[in-house]
Structure formats: C-alpha cells, structure tokens
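# A closer look at the structure
The residues making up each chain are set out below.
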Amino acid sequence: MKFINLTRRTEIGANSYYLEIGRHRLVLDCGMHPKSTGEDALPHFKVIADRGIDAILISHAHQDHIGTLPVAMRRFPSARVFMTEATAQIGSVLLHNSVNVMTRQREEIGEMSYPLFTHRETDRASERWRWCPLRQRISIAGERASQREKDALTFEFFEAGHVLGSAGILLRAEGQTIFYTGDVNFDDQTIMQAAAFPQEKIDLLIMECTRGDHAKPAGWTRAGEERRLAEALGRAFDRGACVLIPVFALGKTQEILAMLYKFRRERRLPEFPIYIGGLSSKFTDIYDRRARVTRRQFPRLQLMREVAPFILNDETVRDSPVRGGRVYVLSSGMMIAKTLSNVFARRIIENPQHSIFFVGYANPESPAGLLRDAGTGGEVGLDPDKPAQRIRCDIEQFQFSAHATREALVEYAKQVSPRKIVLVHGDPPAVEWMRGQLATDLPHTDIIVPAPGVELEL
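Think of each chain on its own: its residues are numbered from 1, step by step along the sequence as written. Note on the predicted model: pLDDT of at least 70 is required for a residue's local features to be given, and 80 or more for side-chain atom pairs to be given and counted; whole-chain, interface and lining totals, by contrast, use all residues. Values reported for side chains reflect all heavy atoms of the structure, with hydrogen atoms and water molecules removed beforehand.

## Here we look at the overall build of the protein
Across its full length, the protein carries 13 helices and 22 strands. In this setup the radius of gyration rests on C-alpha atoms only. A globule is expected at 2.2 Å times the number of residues raised to 0.38. Computed over its C-alpha atoms, the radius of gyration of the protein comes to 22 Å, within 12% of the 23 Å expected for a compact globule of 458 residues. Across the 458 residues of the protein, 58% fall into the buried class. Contacts: residue pairs with any heavy atoms within 4.5 Å of one another. In the protein, 72% of the contacts between residues at least 6 apart in sequence involve partners at least 24 apart. In this tally, Lys and Arg are treated as positive and Asp and Glu as negative; His is ignored, and so are the chain termini. Here the site of a charge means NZ on Lys, CZ on Arg, CG on Asp, or CD on Glu. Distance from the positive charge centre (60 side chains) to the negative charge centre (57 side chains) of the protein: 3 Å. Put simply, DSSP marks the helices as runs of H or I at least four residues long and the strands as runs of E at least two long, and each gets a number from the N terminus on. Note on exposure labels: buried denotes an accessible area under 20% of the residue type's maximum, exposed denotes more than 50%, and partly exposed covers the range between, all computed with a 1.4 Å probe on protein chains only.

The structure is reproduced here in structure tokens:
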C-alpha cells in the first residue's frame, strides 16, 4: 500500500491524495486551491503522471475537493469516477461556475492558462460520473459487491454530515480497511445531521484536521450560539444596521438560511429582507429538491420558497442601496477579491453603523481572515487593486463550523483504533496539534503527517 499527498503544501488547498493498494491505483478528491491560480491551483498531478489510475473517488462538491476533476479526468482518461448523487448534481453546477470565474480571471489578472477546462468538457466529464448510494459496497469496476467478497477492492460511502452529498469513503481489500473521512462533522447542524461513520476496526485512517488548532470553547452549544446570533442581529437592527454574513455558497448559505427561518418562525426577530448570490441560489435549489430524500433536519423546509431570499449578482451588489434591517448572506466565505461578499464589504467597512458577522472557518491569509483578525479600528486591503480601508464597522465572530471539533476527531480515532493515521486537510498548527494529541492518546498507532509529493510505503 502506497500513499502520496498531492496537495502542494501542508494546508487546506487543492486537496487530493493518491492511494495504491496492490495492483489498484486510486485518487481521493481533486480540489482546486481557493487562492492560487494557474498550475499552482492544481494538485500535484505530475507526481503520478506515469501511473494509470483505476478510479477517482470524490468525497463532496466543495471547490477544494472537486474543482479540478475535469483536469484529472483528461490526464487519467481510463479512470472511473465515483461520488454520491447529490455531489454529482452540485458538482456540475460548481464546475460550470468555475469555468465562468476562470474566464473572467483570464481577462482580469492575465492568467493565460485559464480556463483550465471548458463548459463542454465539464458536460462530457459529468456524463461519465457514476452515482453511488450510501452504505452500499461497490467494486472498483462500479458493480455492487457481495458482503462476502474479501480480496477484491471495494469502497462504500458513509454520510459525513458536512454538506449535502458529503461522504467518508471506506475501502476494503485483502482483509484490510482504509477509511478516508473527507470533510466531516460529528455534530448536528441546522439542516445537516451528524456524520454516521463506520465503527468497525480500521487499519488505516486518513483524517482531516481543519479545526486542530482550535479548542472547543468551554460551554459551547449550537443552541447557545444560535441564541447569541439572534441577539446580535436584533441589536444590529435596533441601531439601523445592515449585516453582512460571508458564507460558502454550498453548505454554509443553506445552514444560515435555515437558521434565519427558525428565528423568524420562533419570533425571535421580526420579518427582514435576506439577500443571497446567484450561485448560492442554485445550490439552495438542489437542497430543496433533495429535501425529502436526504437524512436531514427540517425535511419539509423549502428554503427558496419559505425564506424567499432576494438574489444579487455582480452588478446589483454594487448598486443596490445599503439599508438597515437587511441581512446579506453572500459568498465567498473567504471574501476572495471580486466576489459578492468582498465587494459588499468594501461598501460598508468604513461605516460604524453596519456589521459583518463571521460564522465559520476563514483562512488567516484570506481577505476574510485578515479582516476578522484586524478587527474594528484596524486597517485592511480587501482587494489588491483597491486602497486599504479603515475598519469602522462592527465585527463579530460566531462558531457554526461545518467541520468536526478536534476533540471529536480524536475521539473517533480512538473508537476505531487504527494501526496508522495519516493527517491531511489542515494548516500546519492544526496538523501538529492533532499529531501530538493522537500520539499521546494512541501510543501504539503510527501517526503520519505526509510531506507533499513524497511517496509513503504504508
């Protein structure tokens, strides 16, 4: 068994991993780096360029896990591609949007390699994706496998509780078990229910570390955090503020919309207008269509109809009047330059009347991370093409992460007691904390932090 971390650095970037099991060669996820461009935005596919890939398994449809799938399919044309049905539906929308973004970036930043793939290539690629049901053992040839099958390589998807369609991937071969968590949440969210992961003995665990550098706050509960958010919105409305909530278009948008629906229904807040972006509305439509066939909270809730958000685009986000008593749930969550959340933030950042509420993870080097860390009174450049601005608006942080706490990750590792753990998907401080804690709690387990591009014999 061999493993190569194809992510270019120890970080949350273009997440992708090569796994060789006997004669089979697999790739787990094919992400695009949210901040890099051109070749640097790709996983390190060149490291495995001369290896025939049997299958590509996709855990979920966030950009940093599926964003370069058409490129991988072009480079490894014989590879079969597997994912859940919801991931396929979301992934197609996301990749078409990515083509539009890259085409625009070609003109704006002069990245002549863009777009890395076209709309036509995306359509052709998605026709080859194979949708797999949860909790069903599938052979690497794409056929349903017998539970008695011991030697052939099989995989099985388990609900990861992260976003719609997200899955952990259990691989079995020659009596060995390998489990890749993908992005996971062991706590219920407002819509998504907690992960339902295998509890059997695992030989090799490939585990995310996103929140490894953040301890779970003492006394934190989701209900308490929702109450804190509702109270903060009420205070903002009382002083005539509008509130910007930067979010990921997939997952966080739908969770926040459901939360705002609860606040209205429970009369914690009066009726107020809510705004989202066009890509967010497309993903929300998919959440609505799959509401009754998904293991989720509020299975009857139709967000687009019952929350009825207004939809902004690149033009209207610059021109629409900024008025108090409105909530703008806009992507991107990292507030990347030129995205709706970034453009709108630059309109309100110097006005002490308004608020920006952060509700989840933000890379410390991203515009969202820089703004959050600078805080009110600081100065930040949200767009490299624009001058820096003084932060006069109200900045508040809330914790509604779609990722598992580090304590829950360690607890799961202890439950399945693997022989080896490979730590991925985390910034260096997060990975290092997880390595130290797991080494203490599981002294007989080999804890591995894979150097990017280096083949490991497992």
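## Remarks on the sheet that holds strand 8 (residues 154-159)
Where strands meet in a sheet, backbone hydrogen bonds hold them as pairs that are either parallel or antiparallel. Pairing between two strands is assigned when DSSP locates at least 2 bridges connecting them. Taken together, the seven strands give an open sheet; going across it, the order is 7-8-9-10-11-20-21, and neighbouring strands pair in mixed fashion. This sheet does not close on itself; its edge strands, each paired only once, are strand 7 (138-139) and strand 21 (446-448). The pairing of strand 20 (residues 420-424) with strand 21 spans three bridges and is parallel. Residue pairing for strand 21: Val422 is matched across the bridge by Ile448. The strands that helix 12 (residues 406-416) touches are strand 10 (176-180), strand 11 (204-208) and strand 20; relative to strand 11, the one it contacts most, it runs at about 170°. Throughout, an axis means a line fitted to C-alpha atoms (over the contacting stretch in the case of helices), and angles, computed between N-to-C directions, take values from 0 to 180 degrees. Docked against the sheet, helix 13 (residues 428-441) engages strand 11, strand 20 and strand 21, running at close to 165° with respect to strand 20.

## Considering the pairing of strand 20
Consecutive side chains along a regular strand alternate between the two faces of the sheet. A large share of strand 20 lies buried, amounting to four of its five residues. In this structure, strand 11 lies alongside strand 20, joined through five bridges in parallel fashion. Within strand 20, the residue paired with Glu208 across the bridge is Val424. The path from the first strand over the helix to the second decides the hand: if it runs clockwise while the strands point away from the viewer, the crossover is right-handed. Where the polypeptide runs from strand 20 across helix 13 and back to strand 21, its parallel neighbour, the crossover connection is right-handed.

## Considering the nonpolar core
Definition used in this section: a nonpolar core is a set of buried Ala, Val, Leu, Ile, Met, Phe, Trp, Tyr and Cys residues joined via side-chain atoms within 4.5 Å. The biggest cluster of nonpolar side chains holds 73 residues, and the ones touching the most others in it are Ile56, Leu69, Trp129, Leu233 and Leu260. Beyond its immediate stretch of four places on either side in the chain, Leu260 contacts Leu233, Phe272, Ile274, Val327 and Val329. Grouped together as the second largest cluster of nonpolar side chains are 26 residues, Ile21, Cys132, Ile140 and Ile206 included.

## Focus: the environment of Gly436
Looking at where Gly436 falls in the secondary structure, it is placed in helix 13. Residue class for Gly436 comes out partly exposed when judged on its relative accessible area of 28%. Residues Gly436 and Ile447, eleven residues apart in the sequence, show an inter-C-alpha distance of 8.8 Å.

## Focus: the packing of aromatic side chains
For this analysis, a ring pair means two rings from Phe, Tyr or Trp (six-membered ring only for Trp) whose centres lie within 6.5 Å, classed as stacked if their planes differ by under 30 degrees, edge-to-face if by over 60, and tilted for the remaining angles. Scanning all chains against the criterion turns up 17 aromatic pairs. Three or more aromatic residues joined by ring pairs form one cluster here, namely Phe158, Phe179, Phe186, Phe197 and Tyr412. Criterion for a charge above a ring: Arg CZ or Lys NZ at most 6 Å from the ring centre, at most 35 degrees from the ring normal. Lying across the ring of Trp433, Arg406 places its NZ or CZ 3.7 Å from the centre.

## Some words on the pairing of strand 8
A large share of strand 8 lies buried, amounting to six of its six residues. Of the two faces of strand 8, the one holding Thr154, Glu156 and Phe158 and the one holding Phe155, Phe157 and Glu159 are both buried throughout. For strand 7 and strand 8, the ladder comprises two bridges, and the chain directions are antiparallel. Paired with Ser139 across the two strands is Thr154, which belongs to strand 8. The sheet contact formed by strand 8 and strand 9 (residues 167-173) spans six bridges and is antiparallel. When the bridges of strand 9 are listed, Glu156 appears paired with Leu170.

## Description of the sheet that holds strand 14 (residues 310-312)
Spatial ordering of the open sheet is given by 14-13-15-12-16-19, a layout of six strands whose pairing is parallel. The sheet is open, and its two borders are formed by strand 14 and strand 19 (394-397), each paired with just one other strand. The mean inter-strand angle of the sheet, taken between neighbouring strand axes irrespective of direction, is 25°. The pairing of strand 12 (residues 243-246) with strand 15 (residues 327-330) spans four bridges and is classified as parallel. Bridged to Pro246 within strand 15 is Leu330. In the packing of helix 7 (residues 278-289) onto the sheet, contacts are made with strand 13 (274-277) and strand 14, and the angle to strand 13 comes to roughly 95°. Its contacts with the sheet place helix 10 (residues 340-348) against strand 12, strand 13, strand 14, strand 15 and strand 16 (355-358), and it is angled at close to 150° to strand 12.

## Notes on the environment of Ala374
Tracing the backbone through its elements, the reader meets Ala374 in helix 11 (residues 367-374). Measuring from C-alpha to C-alpha, the distance between Ala374 and Arg390 comes to 9.8 Å, with 16 residues separating the pair along the chain. In contact with Ala374, not counting residues within four places along its chain, are Glu379 and Ile391.

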